[in-house]
Each structure stands twice: as C-alpha cells, then as structure tokens.
Amino acid sequence: MPPLTMKEKISAAILLFALCLTIILVTAQAGQSGRVSANEVENPNQPSSLTSLAPNNQSSDSRTCALKPEKSRTTPPSQTTVAPSQISLSTFRQFGSPSIPVIGQLINPASFSSYTPRESIALAHPTNYGDRFLLDLYGQPAYHPPVVVLHETVGSAGSAINYFRTPHPLDSDQVSYHTLIKRDGEVVYLVPPYKRAFGAGDSVFVGASGKEAVKTHPNYPPSVNNFAYHISLETPPDGSHNGSRHSGYTMAQYQSLAWIVAKTGVPAPRITAHKVVDRSGQRQDPRSFDNSTFLRLLQAQPMTKEIVINCQPPSQSELINY
Ligand SMILES: [Zn+2]
C-alpha cells in the first residue's frame, strides 16, 4: 500500500474524528434513555429519583401492584410512597372516564345530579399505607373485585388527617382511609386508590361467592384492605365518644359520598361498612348512617370508572426480578 498523501492523511483524520464524535453521541443518548427507563420501573420506595418526572406524568411503576407480602420481617416494613411532586387530582381520580351502565340506574342523563363537591389533597405519610398485592402471604392469588368500605372519623377531620400524615413506624399504629368527607361536604384525598389503605384490621367481606379477605401480614388476621376503597365521614361534634349513636351526617356529606362512590364504579352489593366487615367485634362505624338517603342520592349519580381501585400487574420483566 503506497504511503498516504498529506491530503489523504487530513481526510482520514477528519473521518476518524467524525466517527469518534458519532460514537460519543450515540453512547450518551443510550445512557440517557437507560436512566429514563430505570426511572419507569424502579422501586417506588425511592421517591427522590421520580422528582425529575413531570408533575402529571403517571409513570407505569406508580400504579403497579406488589407481588406478595413478606412472610417475616426483621427490619421495619419497606415503605411505599408516591412522590409529592407527582401528586395531582388525577392521582386520585381520572377525569372523563365514560359512564358505565348499571342495572336499575336512572338512564336519563338530564335526571342526574349536577352536585360537585370541593376537592382537596392531603397525602398520607407512606408508613400509613402500602401497595396492593397480587398474591397473599402464602402465594395464593389475592384478587377480589373492589369493595367500598364506609367509616366515620369519631374525632374531627383535622385530627384524623394529622394522624394519617404523621409517620408511624410501628405496624400496630398505622391506619388510613383513601378519602375523607368533611362536614361541609369537602372531599379530601389521602391515599391513591391503587394503593392499599389500612382502613380495616380483622375483617371479611361476605359476597355472592362467599367470604373474601386477604392475609397480607404475618402477625395480623386477614382483611379486606387489599381490595377495599375506604371512605370516612367526619363525625359530628356530639359523636366524639364510644356510644352507639350521634346526630348523624350532613346532607352535603351524603351528596359527596354518593358523588365519589359513583366514580368508583363499584356496584351497590359491594358497598359495605366497617361495622359489617369487622371481625374484631370492636367497630360500629359509621354510626347513625342513613342508608336510604345515601342510596337515593347514589342513584342520581352517573356511575363512572374515574377512581381506579385496582393496581396494574407487574410486567414480565419486573416479575423476573422478584
Ligand atoms: Zn372504621
């Protein structure tokens, strides 16, 4: 091969430089997309890395179920969390979901109620809620269709919200609802619907196909929490006691309750109360609840799927990593 001329040497150097530049750029781009995908599948227990995502970007991991509970724990429970920067109203309900037909419901849209409550967000501390599980403690399928469980706060809404927002490292202290309805009808979102709120301890829902409960903790009885959406009504001031009755709830609370329950798409036979599912013998809430008023108002609300209670199963690649 003859020696290269100066011109050929310069051309070769330029070509080599361009080739190196291309390799550097391609590598950098691959690294960047690698980081983005890592964010999309990483453990939601690490909120800091999610903060770079746009506030309304619902990454696939944030609504993903956990596979199964830990059989024994020697360390504090792993915390699941939702990055506050990702929280918006659409975290709690997705707007514009089409109405779903419900047997026996009014079918004339003109007859639907136009009631719309004030909504606010007070995200619970991540120690007070967890992921929904695909499998129970023993590795058996944990799926049941969603149920709505109604509660009352007994104390004021403010004290309940403060409690949920306070870290509780001990399992025995952890409690939460998904949503709370104040005396004036304001709907306060506390836990995203695709997460497991700790609303009922020892509990069983008796449905058309029998008893439904899921054991998710080695030291506690099975409960409905894995498939429940918990809603609590603020108790009137004369109900801050353990007695069996009080003066009841406001019409604004019943209207807001009907409004939000209709958005879960959960049919009436799967709407229940803490006192019904409780197996501890200690729960009697919600006391003084007017079921006929609630059902009448529920009939006047269009049923939708704006509140998605189920979490999304992990992808095949995520399952392999378990
Ligand atoms: Zn309760």
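This text goes with the structure placed above it.
Predicted, not measured: the structure shown is a model, and the values here were computed from it.

Participant: Please give an account of the sheet that holds strand β5 (residues 187–189) that cites residues and values.
Facilitator: Strand order in the open sheet formed by six strands is β1-β5-β4-β9-β3-β10, with mixed pairing between adjacent strands. Either end of the sheet is taken by a strand with one partner, and the two such strands are β1 (119–121) and β10 (271–273). Each strand axis lies, on average, 25° off the axis of its neighbour in the sheet, ignoring direction. In this sheet, strand β9 (residues 228–233) lies alongside strand β3 (residues 147–152) in parallel orientation, the contact comprising six bridges. Within β9, the residue paired with valine 147 across the bridge is alanine 228.

Participant: Break down the environment of leucine 137 for me, citing the residues and quoting the values.
Facilitator: By secondary structure assignment, the location of leucine 137 is in the loop between β2 (129–131) and β3. Distance from leucine 137 to proline 222, taken between C-alpha atoms, is 9.6 Å for residues 85 residues apart in sequence. The residues touching leucine 137, leaving out its near neighbours within four places in the chain, are Pro69, Lys71, Lys215, Thr216 and Pro218.

Participant: Could you give an account of the pairing of β9, naming the residues involved and the relevant values?
Facilitator: Extensive coverage of β9 is indicated by the burial of six of its six residues. Here β9 shows no split at all, with Ala228, His230 and Ser232 on one side and Tyr229, Ile231 and Leu233 on the other all buried. In this structure, strand β4 (residues 179–181) lies alongside β9, joined through three bridges in parallel fashion. Within β9, the position partnered with threonine 179 by the bridge is isoleucine 231.

Participant: So what about the pairing of β3? Which residues, and what values?
Facilitator: Extensive coverage of β3 is indicated by the burial of six of its six residues. Every second residue of β3 is oriented toward a common face, with Val147, Val149 and His151 on one face and Val148, Leu150 and Glu152 on the other, all of them buried. Relative to β10, β3 is paired through three bridges, and the arrangement is parallel. The residue bridging valine 148 from the neighbouring strand is isoleucine 271, located in β10.

What counts and how
- Residues numbered from 1 in each chain as written.
- Predicted model: local features only at pLDDT ≥ 70, side-chain atom pairs only at ≥ 80, totals over all residues.
- Pairing = 2+ DSSP bridges.
- Helix = DSSP H or I, 4+ residues; strand = E, 2+ residues; numbered from the N terminus.
- Axes fitted to C-alpha atoms, helices over the stretch in contact; angles between N-to-C directions.
- Contact = placed C-beta atoms within 7 Å.
- Buried ≥ 20, exposed ≤ 12 C-beta atoms within 10 Å, placed from the backbone.

Just geometry here; none of it tells us what the structure is for.
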